[in-house]
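Residues per chain are reported as follows:
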Amino acid sequence: MKVLFIVGDEYEDIELLYPFYRVIEEGFTPVIAGKEKGGKIVGKHGYTVVADISFKEVKPEEYSALVIPGGRGPERIRTLPEVKELTRKFFELKKPVAAICHGPQILISAGVIKGRKVTSVASIKDDVIAAGGEYIDSPVVEDDNLISSRHPGDLPYFASTLIKALKGRKIS
């Protein structure tokens with residue numbers, strides 16, 4: 001049971017690492033996707049992770065959920081066609097998608113936010129609304145398979161909601 005994390009340079013370190021380790025604690029296998037397999041991805045605060053797989057290699061059917069950490073990472077990868085496509089595929093498959101902070105920028109670019117309840121960092125609230133999302137200022141917002149949170153202070157709510165969603169799913 002694998003959980004995919006899509007990560008770009010200058011990701012918010014704690015928004016990747018906190019759910020990454022929580023997923024492991026609950027018996028799931030986290031997989032980091034980046035621009036190239038084996039490529040180093042550097043966070044805002046200097047933590048470095050290595051991509052297990054490239055965005056182009058991702059087969060959403062093989063994962064239980066998608067996690068999108070914030071920071072500047074989403075802005076750096078949001079226009080890549082393979083990132084938009086894999087994000088859309090997770091929604092088509094109705095698998096949990098968890099986005100925090102600037103993570104909803106990828107949802108906006110993928111065209112999957114219209115008509116959905118979502119939260120994000122306040123600085124992209126207008127973008128969420130312009131894309132047709134219903135912005136809710138709350139530590140965590142759930143709308144069907146979409147889980148969203150605002151910032152690192154919301155991580156306990158974000159991670160626990162992600163874990164609940166993972167445990168509530170039957171994985172094929």
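Analysis parameters
- Residues numbered from 1 in each chain as written.
- Predicted model: local features only at pLDDT ≥ 70, side-chain atom pairs only at ≥ 80, totals over all residues.
- Heavy atoms only, no water.
- Pairing = 2+ DSSP bridges.
- Helix = DSSP H or I, 4+ residues; strand = E, 2+ residues; numbered from the N terminus.
- Contact = heavy atoms within 4.5 Å.
- Axes fitted to C-alpha atoms, helices over the stretch in contact; angles between N-to-C directions.
- Phe/Tyr/Trp six-rings, centres within 6.5 Å; stacked < 30°, edge-to-face > 60°.
- Buried < 20%, exposed > 50% of the residue type's maximum accessible area, 1.4 Å probe, protein only.
- Lys NZ or Arg CZ within 6 Å of the ring centre and 35° of its normal.
- Salt bridge = Lys/Arg side-chain N within 4 Å of Asp/Glu carboxyl O.
- Expected span 1.5 Å × (residues − 1).
- Arc of directions from axis to C-beta.

1. Brief notes about the sheet that holds strand E5 (residues 53–54)
Strand order in the open sheet made by the seven strands is E5-E2-E1-E6-E7-E11-E10, with mixed pairing throughout. If you trace the sheet from one side to the other, it starts and ends with E5 and strand E10 (141–143), each paired once. Where strand E1 (residues 2–6) meets strand E6 (residues 65–68), three bridges bridge the pair, whose relative direction is parallel. Residue pairing across strands places Val3 opposite Ala65, the latter belonging to E6. Where helix H1 (residues 13–25) meets the sheet, it contacts E1, strand E2 (29–34) and strand E7 (97–100), and its direction lies at approximately 145° from that of E2. The strands touched by helix H3 (residues 81–92) are E1, E6, E7 and strand E11 (146–149); relative to E1, the strand with the most contacts, the crossing angle is about 140°.

2. Examining the packing of aromatic side chains
This model, assessed by the stated rule, comprises two aromatic pairs. Here the aromatic rings of Phe20 and Tyr21 are separated by 5.2 Å at their centres, their planes lie at 85°, and the arrangement is edge-to-face. We classify Tyr21 as partly exposed; its relative accessible area is 49%. An aromatic cluster is present here, built from Phe5, Phe20 and Tyr21 joined pairwise through their rings. Lys2 extends its terminal NZ or CZ atom over the ring of Tyr63, reaching a point 4.7 Å from the ring centre.

3. Let's talk about the pattern of salt bridges
Summed over all chains, the structure comprises twelve salt bridges. The partner of Glu25 in a salt bridge is Arg22, and the shortest N-O contact between them spans 2.7 Å. Taken as a pair, Glu25 and Arg22 lie in helix H1 at a separation of three residues, close to a single helical turn. Residue class for Glu25 comes out exposed when judged on its relative accessible area of 56%. A salt bridge links Asp137 to Arg150, with the nearest nitrogen and oxygen atoms 2.9 Å apart. Here Arg150 lies in the loop between E11 and helix H6 (155–167) and Asp137 lies in the loop between strand E9 (134–135) and E10, a separation of 13 residues in the sequence. Residue classification places Asp137 among the exposed residues on the basis of a relative accessible area of 58%. Overall, Arg150 belongs to the buried group, its relative accessible area being 17%. Here the salt bridges share partners, and the residues they tie into one network are Arg22, Glu25, Glu26 and Lys167.

4. Concerning H3
For H3, with twelve residues, the first-to-last C-alpha span of 16 Å sits near the 16 Å given by 1.5 Å per residue. Those residues of H3 lying buried are Val83, Leu86, Thr87, Phe90 and Phe91. Projected down its long axis, H3 carries its buried residues within an arc of 145°, all on one side. Within H3, the exposed residues directed more than 90 degrees away from the buried face are Pro81 and Glu92. Buried positions along H3 lie against E1, E6, helix H2 (73–77), E7, helix H4 (104–110) and E11. Immediately downstream of H3, the backbone of Lys94 shows phi near 60°, a positive value.

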